[in-house]
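Read off the chains here:
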2 protein chains.
Amino acid sequence: MITLNYRDPRPIYEQLKEKLRRMILSGAMAEGEKLPSVRELASQLTINPNTIARAYRELESEGFVYSISGRGSFVGSLNGVDEGRKQQLRAQLLAAATELRQLGEDEQTLISLIKEATPHD
Amino acid sequence: MITLNYRDPRPIYEQLKEKLRRMILSGAMAEGEKLPSVRELASQLTINPNTIARAYRELESEGFVYSISGRGSFVGSLNGVDEGRKQQLRAQLLAAATELRQLGEDEQTLISLIKEATPHD
DNA sequence: ATAAGTGTATTAAGCTACTTAATACACTTA
DNA sequence: TAAGTGTATTAAGTAGCTTAATACACTTAT
């Protein structure tokens, strides 16, 4: 179940993208599985269908989702995820690590965080 | 010298905060050093003084800067940086690392990124 | 004392992005 | 045929960012 946080300053479609991305990446939704339809999810969240459509459209351009007009939207292959997305994440990780180091954080502490990020299969 | 990128979708005051934060953290500006005055920097960047003031105000609330009315704004002590800022950075690092791992990135690759983030004294 | 420079604050206006609303079209499926 | 799908467009309202024009209290140099 997806819920929105209206105190979050980010636009709704960004929150949606992040939640869906996480569900897909965590395996909560399997490859090829059908996502809720634009109108259904809009009704469920009480927001406008255009906003859902935008989130789906952008997730599609990043490779997390593919849509077929008349049929629906579906979870894509993780192999198909845009390389640009990965570069973006590496840059984010490097930036956060750099500032933490400059603030005096120990290298080992950061490595522990990396190990904490390991998916438990 | 600070330059602004008007293609960047982030607000100007956010770009400013990031640039100043980096200069402070990298040691390009020493603790206690005077920052350009609100009006001077505004004139230099051809933007409104209010926008500079907002960046300074928020950096002050995070502990990177302190301001004295009538005197100016100055680089704060890195020990004084808000703990909330560090927690934010740790969360960012963890989120990026988690998604990268789920996208198939190797743990060693991420650890290499951490080591890359080590400041070279 | 005076003048110039400082941070800080307020109000009004314009602009852009986000969001909603109301449709419409072409496609697929039961 | 009817219902459900993604997709697209236009118009309107809202909120945040930015600018502009001031103003005030303080500090520093003259």
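It should be emphasised that the depicted structure is a prediction, and the values quoted were computed from it without experimental measurement. (Residues numbered from 1 in each chain as written. Chains lettered and ligands numbered in written order. Predicted model: local features only at pLDDT ≥ 70, side-chain atom pairs only at ≥ 80, totals over all residues. Heavy atoms only, no water.)

(A) How the structure looks around the layout of surface pockets. Quantified by volume, the largest pocket comes out at close to 2000 Å³. As for the largest pocket, its lining consists of 48 residues, of which Arg 10 and Gln 92 of chain A together with Arg 10, Gln 88 and Gln 92 of chain B are closest to the centre. Put simply, the parts of the chain that give the lining of the largest pocket at least two residues each are α1 (12–26) and α4 (83–102) of chain A together with α1 (12–26) and α4 (83–102) of chain B. Broken down by element, the lining of the largest pocket gets its largest block of residues, 11 residues, from α4 of chain B. The residue inventory of the lining of the largest pocket, partitioned by class, reads 17 nonpolar, 10 polar and 21 charged. (1 Å grid on protein atoms, 1.4 Å probe; cavity = no way out; pocket = protein on both sides within 12 Å on 5 of 7 lines; lining within 4 Å. Points joined across faces, edges and corners; volume = space filled by probe spheres on them. Helix = DSSP H or I, 4+ residues; strand = E, 2+ residues; numbered from the N terminus. Nonpolar A, V, L, I, M, F, W, Y, C, P; charged D, E, K, R; others polar.)

(B) Geometry of the pattern of salt bridges. All names here are of chain A. By the definition in use, this model includes 20 salt bridges over all chains. Salt-bridge contacts for Arg 21 lead to Glu 62; the nearest nitrogen and oxygen are separated by 3.4 Å. Taken together, the positions of Arg 21 in helix α1 and Glu 62 in helix α3 (residues 49–62) put the pair 41 residues apart, joining distant regions of the chain. Its relative accessible area of 9% is what places Arg 21 among the buried residues. In this structure, the salt-bridge partner of Glu 83 is Arg 90, at a minimum N-O distance of 3.4 Å. Take Glu 83: its relative accessible area is 36%, and that puts it in the partly exposed class. (Salt bridge = Lys/Arg side-chain N within 4 Å of Asp/Glu carboxyl O. Buried < 20%, exposed > 50% of the residue type's maximum accessible area, 1.4 Å probe, protein only.)

(C) A look at the interface of chain B and chain A. Opposite the 32 residues of chain B that make contact, chain A presents 32 residues. Approximately 3300 Å² of surface area, both sides summed, lies buried where chain B meets chain A, with 71% of it carried by carbon and sulfur atoms. Here chain B and chain A share four salt bridges between them. Residue Arg 85 of chain B pairs with Glu 99 of chain A through a salt bridge whose shortest N-O separation is 2.9 Å. Secondary structure elements with two or more residues in the side of chain B that touches chain A: α1, α4 and α5 (107–116) of chain B. Ranked by residues supplied to the side of chain B that touches chain A, first place goes to α4 of chain B with 14 residues. (Contact = heavy atoms within 4.5 Å. Buried area = accessible area lost by both parts, 1.4 Å probe.)

Interpretation note: all reported values are geometric properties and have no functional meaning in isolation.
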